[in-house]
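# Residue-level structural notes
Below are the chains, spelled out letter by letter.
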Amino acid sequence: MSRQVGGRSGGADEPKSLYRIPPYYYLHVLDQNSNVTRVEVGPSTFIRQDNEKVVFGPEKMVTVPPRHYCVVENPVMRDGDDAIVTDKGGQIKLRHADQDIRLAQDPFPLFPGEVLKVPVKPLTVVKANSALRLRAILDFTSDDEVKHVAGDEWLFEGPGESQWVVMVQFILTISRIGNVLW
């Protein structure tokens, strides 16, 4: 015989109301009154209100170690102070159909709408006497102030570590034998 207190049975079909979020974990919480999803980051104890629904998580944050990278699709918009931009209702604004390459940094959560398109991978190391043949997908200006137009191709000569840009497509690796590139 089950005993009900306050009209609730406490059965398995009821959603959890208490979440213990460990360090370097996060979850997405939907406020059903405003229809805005926010991120709760651990370590913390999150108590779900009646008007809230946990729609994702707890999930481990994305950790990018040194000499690695990942690609995030639909990244959040940030202002000049690197703060996240929200609309008047509090919803996070995204740069839709854009991609962001993230290099070594502290662990970070994926905000609602962001997608981890390329998981964490090591950067490409270009050995001495070899090069990468690259092609520009979009117009952009590189860190060394060189303007590239879509369709341009060039060599990234080693030794070095390729800092990938979203606007560049890797074509092939070229090795040098004597004074000739193959």
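This one's a predicted model, so the numbers in the text were calculated from it and none came from an experiment. (Residues numbered from 1 in each chain as written. Predicted model: local features only at pLDDT ≥ 70, side-chain atom pairs only at ≥ 80, totals over all residues. Heavy atoms only, no water.)

## Here we look at the overall build of the protein
To keep things clear, this is the line we draw: The helix count covers DSSP runs of H or I at least four residues long, the strand count covers runs of E at least two residues long, and both are numbered beginning at the N terminus. Burial classes follow relative accessibility: with a 1.4 Å probe on protein chains only, a residue under 20% of its type's maximum area counts as buried, one over 50% as exposed, and anything between as partly exposed. When checking whether two residues touch, look at their non-hydrogen atoms; a contact exists if any pair is within 4.5 Å. Accessible surface is estimated by sampling points in the Shrake-Rupley manner with a 1.4 Å probe; for residues, cover comes only from the protein chains shown.
Each helix and strand counted, the protein has 0 helices and 16 strands in total. A total of 182 residues make up the protein; the buried ones form 28% of that total. Across the protein, contacts joining residues at least 24 apart in sequence account for 61% of those joining residues at least 6 apart. Roughly 12000 Å² of accessible area belongs to the protein as shown, and the carbon and sulfur atoms make up 51% of that amount.

## Some remarks on unusual backbone geometry
Of note, the bond from Gly 42 into Pro 43 is cis; its omega dihedral lies within 30 degrees of zero at 5 degrees. In the Ramachandran plot, Tyr 24 falls in the positive-phi region, its phi being about 65 degrees despite a non-glycine side chain. Positionally, Tyr 24 belongs in the loop between strand S1 (18-21) and strand S2 (25-31). On the basis of relative accessibility, which here comes to 48%, the residue Tyr 24 falls in the partly exposed class. Positive phi, normally seen in glycine, also occurs at Asn 35, with a value near 60 degrees. The topology assignment puts Asn 35 in the loop between S2 and strand S3 (36-41).

## Re the environment of Val 118
Looking at the element boundaries, Val 118 is found in strand S8 (residues 115-122). C-alpha separation for the pair Val 118 and Cys 70, spaced 48 residues apart in sequence, amounts to 5.4 Å. Val 118 has contacts with Tyr 69, Cys 70 and Val 71, leaving out every residue within four places of it along the chain.

## Points about the confidence of the model for the protein
Quick note on the threshold: A residue's pLDDT is the confidence the predictor assigns to it, expressed on a 0 to 100 scale.
Summarising the model, the protein shows a mean pLDDT of 84, and 86% of its residues fall at 70 or more. Within the protein, strand S16 (residues 180-181) has the poorest average pLDDT of any element, 51, and S2 the best, 96. Low pLDDT, under 50, characterises residues 1-9; the predicted model gives this stretch 4 contacts beyond four residues in sequence or across chains.

## A short note on the nonpolar core
Here is the rule: Definition used in this section: a nonpolar core is a set of buried Ala, Val, Leu, Ile, Met, Phe, Trp, Tyr and Cys residues joined via side-chain atoms within 4.5 Å.
Counting residues in each nonpolar core, the largest one holds 13 residues, and the members touching the most others are Val 62, Cys 70, Phe 108 and Leu 110. Looking at which element gives the most residues to this core, the answer is strand S6 (residues 62-73), with 4 residues. Apart from the residues within four sequence positions on either side, Cys 70 is in contact with Val 62, Val 64, Asp 100, Ile 101, Arg 102, Phe 108, Leu 116, Val 118, Pro 119 and Val 120.

## Quick notes on the sheet that holds S3
Within a sheet, neighbouring strands are paired by backbone hydrogen bonds and run either parallel or antiparallel to one another. Put simply, the rule is: Think of it this way: DSSP has to see at least two bridges between two strands before they count as a pair. Axis geometry follows a simple rule: fit a line to the C-alpha atoms, using only the stretch in contact for helices, then measure angles between N-to-C directions, giving values from 0 to 180 degrees.
As summarised here, the arrangement of the 3 strands in space is S3-S2-S5, forming an open sheet in which the pairing is antiparallel. The open sheet is flanked by S3 and strand S5 (52-60), the only strands paired with a single partner. Neighbour-to-neighbour, the strand axes of this sheet turn through a mean angle of 20 degrees, independent of strand direction. Where S2 meets S3, 6 bridges bridge the pair, whose relative direction is antiparallel. Paired with Leu 27 across the two strands is Glu 40, which belongs to S3.

## Some remarks on the side chain of Arg 102
As a reminder, the rule being used: Two N or O atoms count as a polar contact when they lie within 3.5 Å, although within protein this holds only if one can serve as hydrogen donor and the other as acceptor, and sequence-adjacent residues are included solely when both atoms are side-chain atoms.
Residue placement: Arg 102 occurs in strand S7 (residues 99-108). Taking the relative accessible area as the measure of exposure, Arg 102 reaches 10% and is therefore buried. In this structure the side chain of Arg 102 is engaged in a polar contact, spanning 3.1 Å, whose partner is the side chain of Asp 100. With near-sequence residues (within four places) excluded, Arg 102 lies in contact with Val 64, His 68, Tyr 69, Cys 70, Val 72, Pro 75, Phe 108 and Glu 114.

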